[in-house]
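Chain residues, written in single-letter form:
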Amino acid sequence: MYQMISLISTWAIPVMIAFIPLYAYARKVPVYESFVDGAKEGFGTAIAIIPHLVGMMVAISVFRASGALDYLMGFISPLLRGLGVPAEVLPLGLLRPLTGTGSLAYTTELIRVHGPDSLIGRIASTIQGSTDTTLYVLTVYFGAVGIRNGRYALKVGLFSDLVGFAAAIAVCLLVFG
């Protein structure tokens, strides 16, 4: 069974990459021209979202540099320790909705220090896969299409991050703890 899953995972992406243009060609779609048109649209979108990205990066930098992140962690850490949750994963839960790169760097550091098979490493990896960079997604995608009022999307996105964070911890404590 493991060998079959390994074989499928090795060949799935190359087969899809080959299949899609061949299928389009068979359906008489101008593959190269369609690709170039899509790339032109993507370039325009990338230029349009730059101001939104800069604003988000500044806000994240101010949040971290002001000490607000450390203050928030100091407040929440005792509550998590009482539930048996390692305090080391708390910054990841706070960083993940803000920044994908920052949360990945923190996860990498946790795995380097504690090991990939440690409870902390497993929880961090599961959180990384169970949550999303909500503020980044809202900033980039809503900014790209001109949505100005994302109030409900923000609430639902942050709530889903909280649920993903809690579920990742609960499952890891149940399975590995």
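All figures in this text were calculated on a predicted structure; none of them were measured in a lab.

**Some points on unusual backbone geometry**
Step number 1: The backbone of Lys 28 sits at a positive phi, close to 70°, despite the residue not being glycine.
Step number 2: Note on placement: Lys 28 falls in the loop between helix 1 (2–26) and helix 2 (31–65).
Step number 3: Among the residues examined, Lys 28 registers a relative accessible area of 73% and is labelled exposed.

**A few points about the pattern of salt bridges**
Step number 1: If you walk through the whole model with that rule in mind, you get two salt bridges.
Step number 2: Two residues, Arg 112 and Glu 109, come together in a salt bridge whose shortest N-O distance is 2.6 Å. Here Arg 112 and its partner Glu 109 are both found in helix 5 (residues 100–114), three residues apart, which amounts to about one turn of the helix.
Step number 3: Measuring nitrogen to oxygen at the nearest pair gives 3.7 Å for the salt bridge that ties Asp 117 to Arg 122.

**Points about the UniProt feature "domain: Nucleoside transporter/FeoB GTPase Gate" (unreviewed entry) in the protein chain**
Step number 1: In the UniProt entry, the feature "domain: Nucleoside transporter/FeoB GTPase Gate" (unreviewed entry) is given for residues 47–147.
Step number 2: Secondary structure content for residues 47–147 is 78% helix and 0% strand, and the end C-alpha separation is 17 Å.

**Remarks on the UniProt feature "transmembrane region" (unreviewed entry) in the protein chain**
Step number 1: The positions that UniProt labels "transmembrane region" (unreviewed entry) are, in the present scheme, residues 7–26, 46–63 and 156–176.
Step number 2: Helix makes up 100% of residues 7–26 and strand makes up 0%, while its end C-alpha atoms are separated by 27 Å.
Step number 3: Taken end to end, residues 46–63 has its terminal C-alpha atoms 25 Å apart, with 100% of it in helix and 0% in strand.

**Section: the packing of helix 5 against helix 6 (residues 119–130)**
Step number 1: Packing of helix 5 against helix 6 leaves a shortest axis separation of 9 Å and a crossing angle of 160°. Considering their axes alone, helix 5 and helix 6 lie roughly antiparallel with respect to each other. The handedness of the crossing between helix 5 and helix 6 is left-handed. Between helix 5 and helix 6, the contacting residues are Gly 100, Ser 103, Leu 104, Thr 107, Leu 110, Ile 111 and His 114 on the first element and Ile 120, Gly 121, Ala 124, Ser 125 and Gln 128 on the second.
Step number 2: The residue makeup of the contact of helix 5 with helix 6, split by class, is five nonpolar, seven polar and no charged.

The rules behind each value
Residues numbered from 1 in each chain as written. Predicted model: local features only at pLDDT ≥ 70, side-chain atom pairs only at ≥ 80, totals over all residues. Heavy atoms only, no water. Helix = DSSP H or I, 4+ residues; strand = E, 2+ residues; numbered from the N terminus. Buried < 20%, exposed > 50% of the residue type's maximum accessible area, 1.4 Å probe, protein only. Salt bridge = Lys/Arg side-chain N within 4 Å of Asp/Glu carboxyl O. UniProt positions renumbered as here; feature names shortened; annotations may be inferred. Axes fitted to C-alpha atoms, helices over the stretch in contact; angles between N-to-C directions. Parallel < 35°, antiparallel > 145°, perpendicular 65-115°, else oblique. Left-handed = near helix turned anticlockwise from the far one by under 90°. Contact = heavy atoms within 4.5 Å. Nonpolar A, V, L, I, M, F, W, Y, C, P; charged D, E, K, R; others polar.

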